[in-house]
Every structure is written in C-alpha cells, then in structure tokens.
Amino acid sequence: MTPELERSWVVAGVPASVGRISLPGGRRAGVHLPMRRGLVNIVDRADRIGASALQIFSDNPTAWKRRAETPPDAGAFRRRLAQLDIGPIAIHASYLINLAGPVDELFDKSVELMRHEVANAHEFGARFVNVHVGSHRGSGLEAGIRRLVDGLERSCNGREDGGGTDGLDGPLIVLENSSGGGFAVGAKIEDLAAVLDATAARGIGDRIGFCLDSAHLWGAGYDISRPDQVDEVLATFDRLIGLPRLAMIHLNDSESGLGSRHDRHAHLGEGQIGREGLAHLLCHPSLDHVTYYLETPGMENGFDAMNVARLGDLAGGLPLTPGPVAVPGSKAGAEPGAETEVSQ
C-alpha cells in the first residue's frame, strides 16, 4: 500500500495501526472494506489495523449487471490473504437480491445474481456468501419462505462449482437476519428456523448457515444490551437452529430504537445497544467458532481502525479507543453503515 493511499485512509484521532487484536478462544474478527481501493491493498489494510478476517462485495452491490471477468488481481488477493493469515473471507451478496419476493421477473434476476455470487466466490477464496433473507412483499411469511427456498435450491444447483476453501464443496450460503422492515422474512429466529427446516427437506440444508447482525436483532425487538439478554437470544437460537449453524456475526451498534424495524449502524459503543451487550456477544463462551465482521460507518475514512481497536477494548474490558464523533447515518454509496432493506 502506498503512503498516499494509507494517508487517505486515516483521520485525526484514529490509530492507523493497532497490531492484531486478541479475542477469546482464538476467534477471528474483521471488517467490510471497499474493493475500489484495490484487492491487495484492502488485505494490507486489514492486516495493518489488526483484523484477522475480511468481508467484501464481489462487484457493485447495487447493480444487476456483473463484470464479465474476475478482477485481474484476484489471484494476488488470495496469495496475500494466505501470506498474512487473514480469513475466512465473506462475500456480501448484492443488496438487490430478493429470493423471497413474489414477482417472477425480479425473482429470476435475483436467482441469476445469487448464482453468480456462489459460482465466483472461490475466485476470492471466500468461505461464505452472506445474503439477506429478503422480503415477501405482502405475499405472506409462508409463501416468502417457500419462494426463498426455491431460490436457494436453484442457486446451489445452478452454480458452476469451482470448489470452495477449507475442503468445502463450494461456499456456505449464510442467511442474515432482518431488522423487520418492509415485509421482511427472518426478523424472528423462528423464521430462520423455518427456513432451515425447509432447506433440509430439499436436501440443501448442509449448504446453509446463518449470520446474526446485532443491529438487526435490536431493530427487530431483541434487547441485547445486557449479558443476560444476549444469553437468552443465543439460547433461543441454539434450541431452534443450533449454535453450530451460526457462522457469522455482524457486530454493529445501532442508532435505531429497540423494535423500530429500522437499521442504522453505529460505531461500537456509541449506539443504543452499548458496550456491555456487544462485549458479551463478542466474548460469549459458546461462540469460538463464529467469525465476527464489522459493518460500522466510515470504513473508508479511518473508522475501520477505530472499530477494530474497539473490538480489543470490548474483549479486554478497556476504555474504548477514541475517535471523531460519529456522523449519524453516514454511508457513502453502498458502503457499510446502513444496510438496504429489500423492497422488490
């Protein structure tokens, strides 16, 4: 990474280098970083700020059209990941994908786009393809789940299997919970359990994992601001789904109200969830197998380093690393900070 590029990623008061953070049980944590900085550059950046995992978009997340060829630096990206021991890599699927929607044309386009994400994940060395569960758009929860599972089955069976990483036959498709807005499927853990049961009946259950986004849980009405409440949520997930199915956690604070069905991410410790609940979710003794990814605002403006440092602060019971005051709702284009509820 050039000095000029590194300087462009730093803001006053935010550390540029913190060393790799230490988390309980050797669990890994990273950030979502923008590809436009260059694939190899974002690996170097992740390493420099202390991250041990990485999430990216494989292409423009708000466009249906995909690039014709894999980025030319994808091979160098994979080699650099191996050199610096950064992973697992998660591909966050396009925001446009809605496999639960009733409109045939948009459903077919969503399947095609999801197939592309799954088929090309190996080019980035990705273990996970993370996708929002989607919206039934008024057709009803049961109809939305049936449609979603149809789409997942077609996405799995239609992939050009290039193989995955760590001996997996292709990437794990990781379904993300919703904050509940816009006829969303997956705001309740019971919804996710119903999806899992339906995928198992289709013979694709072993291809499915789950991601819990802390800001989405909060928006959906799960109070995770205290350790006992976090324990209750995880116990419910374990009873209905099984904690081994939990592959990822998006660890984000929230600017939105509890149960508001809104999704506005905040810097760790600066939102309504707060440090106590987030720290317990990060360090829960049953979650050594889970990889944590940050989708907090301003990743391209130096806040990536601040929030990764705060992961270590939360785990160690330390004062939170200071930084510039968060800008409410800050989000540049499709960068993390506030996610898009599917409205197709």
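Notes on the structure in this doc start here. (Residues numbered from 1 in each chain as written. Predicted model: local features only at pLDDT ≥ 70, side-chain atom pairs only at ≥ 80, totals over all residues. Heavy atoms only, no water.)

**Here's the deal with the overall build of the protein**
Convention followed: Under the DSSP-based scheme used, a helix requires at least four consecutive residues in state H or I and a strand at least two consecutive residues in state E, with every element numbered from the N terminus. The cut-offs for exposure are 20% and 50% of the maximum accessible area for each residue type, with area from a 1.4 Å probe on protein chains only; residues under the lower value are buried, those over the upper are exposed, and the others partly exposed. Contacts are residue-level and defined by heavy atoms, with any inter-residue pair within 4.5 Å sufficient. Here the Shrake-Rupley method, with its probe set to 1.4 Å, supplies the accessible areas, and only the displayed protein chains count as covering residues.
In terms of regular secondary structure, the protein is built from 10 helices and 10 strands. Relative to its 344 residues, the protein shows a buried fraction of 57%. The contacts of the protein with a sequence gap of at least 6 include a subset with a gap of at least 24, amounting to 79%. Looking at the protein as shown, the accessible area adds up to about 12900 Å², and 50% of this sits on carbon and sulfur atoms.

**Observations regarding the packing of helix H5 (residues 141-157) against helix H6 (residues 189-201)**
Each pair of packed helices gets described by two things: the angle between the helix axes and the distance between those axes. Here is the rule we go by: Interaxial angle, 0 to 180 degrees, is taken between N-to-C directions of lines fitted to C-alpha atoms, where a helix line uses only the stretch in contact. By the definition adopted for this analysis, an angle is roughly parallel if under 35 degrees, roughly antiparallel if over 145, roughly perpendicular if from 65 to 115, and oblique otherwise. Here a crossing is called left-handed whenever its near helix is offset anticlockwise from the far helix by less than a right angle, and right-handed whenever the offset is clockwise. In this classification, the charged set is Asp, Glu, Lys and Arg, the nonpolar set is Ala, Val, Leu, Ile, Met, Phe, Trp, Tyr, Cys and Pro, and all remaining amino acids, among them Gly, are polar.
Orientation of H5 relative to H6, taken along the N-to-C sense of each, is 45 degrees, at an axis distance of 10 Å. Considering the angle they form, H5 stands oblique to H6. The handedness of the crossing between H5 and H6 is right-handed. Residues Leu141, Ile145, Leu148, Val149 and Leu152 of H5 lie in contact with H6, whose contacting residues are Asp191, Ala194, Val195, Ala198 and Thr199. Counted by class, the contact of H5 with H6 contains 8 nonpolar, 1 polar and 1 charged residues.

**Points about the pattern of salt bridges**
To keep it simple, the criterion reads: Think of a salt bridge as a Lys or Arg side-chain nitrogen and an Asp or Glu carboxyl oxygen that are within 4 Å of each other.
Enumeration according to the criterion identifies 15 salt bridges in this entry. Between aspartate 44 and arginine 80 there is a salt bridge, with the nearest N and O atoms lying 2.7 Å from each other. Remark: arginine 80 occurs in helix H3 (residues 74-84) and aspartate 44 occurs in helix H2 (residues 39-48); sequence separation between them is 36 residues. With relative accessibility at 15%, the residue aspartate 44 sits in the buried group. Classification of arginine 80 as partly exposed rests on a relative accessible area of 26%. One connected set of salt bridges, linked through shared partners, spans Arg20, Arg28, Asp47 and Asp85.

**A few points about the side chain of serine 225**
For clarity, the threshold we go by: Definition of a polar contact: a pair of N or O atoms within 3.5 Å, with one able to donate and the other able to accept a hydrogen when the atoms are protein atoms, and with sequence-neighbouring residues admitted only if both atoms are side-chain atoms.
Along the chain, serine 225 falls in the loop between helix H7 (214-219) and helix H8 (227-240). Using a relative accessible area of 18% as the deciding quantity, one classes serine 225 as buried. Here the side chain of serine 225 touches aspartate 223 through a polar contact of 2.7 Å, side chain to side chain. In this structure the side chain of serine 225 is engaged in a polar contact, spanning 3.4 Å, whose partner is the side chain of glutamine 229. Sequence-distant contacts of serine 225, defined by excluding residues within four places in its chain, comprise Trp218, Ile273, Glu276 and Gly277.

**Observations regarding unusual backbone geometry**
Following glycine 87, the chain continues to proline 88 via a peptide bond in cis, the omega torsion being 5 degrees. A positive phi angle is found at phenylalanine 183, which is not glycine, with a value near 60 degrees. Mapped onto the elements, phenylalanine 183 comes out in the loop between strand E5 (172-176) and H6. The exposure class of phenylalanine 183 is partly exposed, given its relative accessible area of 45%. Positioned with a positive phi, arginine 261 is a non-glycine residue whose angle comes to about 65 degrees.

**Brief notes about H2**
Taken as a whole, H2 has its buried residues at Leu39, Ile42, Val43, Asp44, Arg45 and Ala46. Downstream of H2 by a residue or two, glycine 50 has a phi angle that is positive, lying close to 95 degrees.

**A word on H8**
To keep it simple, the criterion reads: Expected helix span is taken as 1.5 Å per residue step, with the number of steps being one fewer than the number of residues.
Over its 14 residues, H8 runs 20 Å from end to end, which matches the ideal 20 Å to within 8%, given 1.5 Å per residue. On its buried face, H8 is in contact with H6, strand E6 (208-213), H7, strand E7 (246-250) and helix H9 (275-283).

**Focus: the pairing of E6**
What counts is decided by this rule: Note on pairing: two strands pair once DSSP finds at least 2 bridges between them. Crossovers are described as right-handed under a simple rule: with the strands pointing away from the observer, the path leading from the first strand over the helix to the second runs clockwise.
E6 sits mainly inside the fold: 6 of its 6 residues count as buried. Of the two faces of E6, the one carrying Ile208, Phe210 and Leu212 and the one carrying Gly209, Cys211 and Asp213 are both buried. One ladder, built from 4 bridges, connects E5 with E6; its direction is parallel. Looking at E6, one finds that leucine 175 is bridged to phenylalanine 210. In the classification by handedness, the crossover that spans E5, the intervening H6 and the parallel E6 is right-handed. Note that E6 and E7 share 4 bridges and pair parallel. Within E7, the position partnered with leucine 212 by the bridge is isoleucine 249.

**Brief notes about the side chain of arginine 310**
If you trace the backbone, arginine 310 turns up in helix H10 (residues 303-316). Owing to a relative accessible area of 4%, arginine 310 belongs among the buried residues under this scheme. At 2.7 Å, the side chain of arginine 310 forms a polar contact with the backbone oxygen of leucine 268. Those residues within four positions of arginine 310 in sequence are excluded, and the remaining contacts are His267, Leu268, Glu270, Leu320, Thr321, Pro322 and Gly323.

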